[in-house]
Amino acid sequence: MTEEKTIFKRIIDKEIPAKIVYEDDLCLAFHDVSPQAPVHVLIIPKTTELRSLDDVAPKDEALIGHIFVVIQRLARELGIAENGYRVVSNCGVNACQTVPHLHFHLIGGRGFSWPPG
Ligand code: 5GP
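For every chain, the first residue of the written sequence is number 1, and numbering continues from 1 onward in sequence order. In view of the model being predicted, local features appear only for residues whose pLDDT reaches at least 70, and side-chain atom pairs are presented and counted only at 80 or more, with totals across whole chains, interfaces and linings using the full set of residues. Only hydrogens and water are removed before side-chain values are computed, so all heavy atoms of the structure are retained for them.

Undergrad: Can you break down the pattern of salt bridges residue by residue, with the values?
TA: Salt bridges are defined by distance alone: a side-chain nitrogen of Lys or Arg within 4 Å of a carboxyl oxygen of Asp or Glu. Summed over all chains, the structure comprises nine salt bridges. The shortest N-O distance in the salt bridge between Lys5 and Glu15 comes to 2.4 Å. Taken together, the residues Lys5 in the segment before helix H1 (7-12) and Glu15 in the loop between H1 and strand E1 (20-23) connect sequence positions ten residues apart. When the shortest N-O distance is used, the salt bridge between Glu49 and Lys59 registers 3.3 Å. Here Lys59 lies in the loop between strand E3 (39-45) and helix H2 (61-77) and Glu49 lies in the loop between E3 and H2, a separation of ten residues in the sequence. It is possible to trace a salt-bridge network through shared partners that takes in Lys5, Lys9, Arg10, Asp13 and Glu15. Secondary structure follows DSSP: runs of H or I at least 4 residues long count as helices, runs of E at least 2 residues long count as strands, and numbering of each begins at the N terminus.

Undergrad: Describe the site of the ligand, listing the residues and the values that go with them.
TA: Residues are labelled near a given molecule or strand when at least one of their non-hydrogen atoms is within 4 Å of it. Close to the ligand lie 16 residues, the nearest being Asp32, Asn90, Thr98, His103 and His105. His31 has a polar backbone atom sitting 2.9 Å from a nitrogen atom of the ligand. Counted as a polar contact is a pair of N or O atoms within 3.5 Å, where, for protein atoms, one must be capable of donating a hydrogen and the other of accepting one, and residues adjacent in sequence contribute only when both atoms are in side chains. Val99 places a main-chain nitrogen or oxygen 3.1 Å from an oxygen atom of the ligand. Placement of the ligand is best described as lying within the largest pocket. When contributions to the shell around the ligand are tallied by element, the ones reaching two or more residues are H1 and strand E2 (27-31). Ranked by the residues each element gives to the shell around the ligand, the list is headed by H1, at three residues. Residues that form the shell around the ligand fall into these classes: eight nonpolar, seven polar and one charged. Here the term cavity refers to a set of points on a 1 Å grid, laid over the protein atoms alone, in which a 1.4 Å probe fits but cannot get out; the term pocket refers to an open set having protein on both sides within 12 Å along at least five of seven lines, with lining residues being those that place an atom within 4 Å of a point. Any molecule with more than half of its atoms within 2 Å of a cavity's or pocket's grid points is regarded as sitting in that cavity or pocket. Under the convention adopted here, Pro, Cys and the residues Ala, Val, Leu, Ile, Met, Phe, Trp and Tyr are nonpolar, Asp, Glu, Lys and Arg are charged, and Gly plus all remaining residues are polar.

Undergrad: So what about the layout of surface pockets? Which residues, and what values?
TA: Grid points are joined across faces, edges and corners, and a volume is the space filled by probe spheres set on the points. Its boundaries defined by the atoms lining it, the largest pocket holds a volume of some 790 Å³. Residue lining of the largest pocket: 33 residues in total, with Asp32, Gln36, His40, Asn90 and His105 positioned closest to the centre. Among the elements that take part in the lining of the largest pocket, H1 stands out by supplying three residues, more than any other. Grouping the amino acids of the lining of the largest pocket by side-chain chemistry returns 18 nonpolar, eleven polar and four charged.

Undergrad: Quick rundown of the sheet that holds E3? Include the residues and the values.
TA: Note on pairing: DSSP must find at least two bridges between two strands before they are called paired. Read across the sheet, five strands follow the order E1-E2-E3-E5-E4 without closing on themselves; strand pairing throughout is antiparallel. Each having just a single partner strand, E1 and strand E4 (85-88) make up the two edges of the open sheet. Each adjacent strand pair in this sheet contributes to an overall mean axis angle of 15°, direction not counted. Relative to strand E5 (residues 104-108), E3 runs antiparallel, the two sharing five bridges. By the bridge assignment, Val41 is partnered in E5 with Leu106. Angles shown run from 0 to 180 degrees and are taken between the N-to-C directions of axes, each axis being a line fitted to C-alpha atoms and, for helices, limited to the stretch in contact.

These results come straight from atomic positions and should not be treated as a statement about function.
Given below as structure tokens:
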């Protein structure tokens, strides 16, 4: 049985448009359609094997490390590094994950509170 493509896989395959800010062989970054801060970018691996952080295994260490290097570079390029930013990966129902394709939210450009809601 073939699983239906997620919205993020459709963005990777350029079937639906997104405001892409970075792309390489391993990952893609694009502006969130419903931004929660002045800067709100999603960084996703291109593989569809990882539905959430809970699927990450030792074989994925290089990929995840690469994604975090990309996140740091994007934070600088998007002008949010100096005042600080937040990186979030919602994992599962309790964390309100809505798209079953591993993704990291990079949000910045305003202050955030803690603990999160
Ligand atoms: P989650 O709630 O799973 O952690 O985050 C999913 C994110 O994907 C949400 O912030 C939502 O706004 C974003 N999103 C959902 N559909 C689309 C889309 O079609 N395009 C873009 N750019 N973002 C989307």
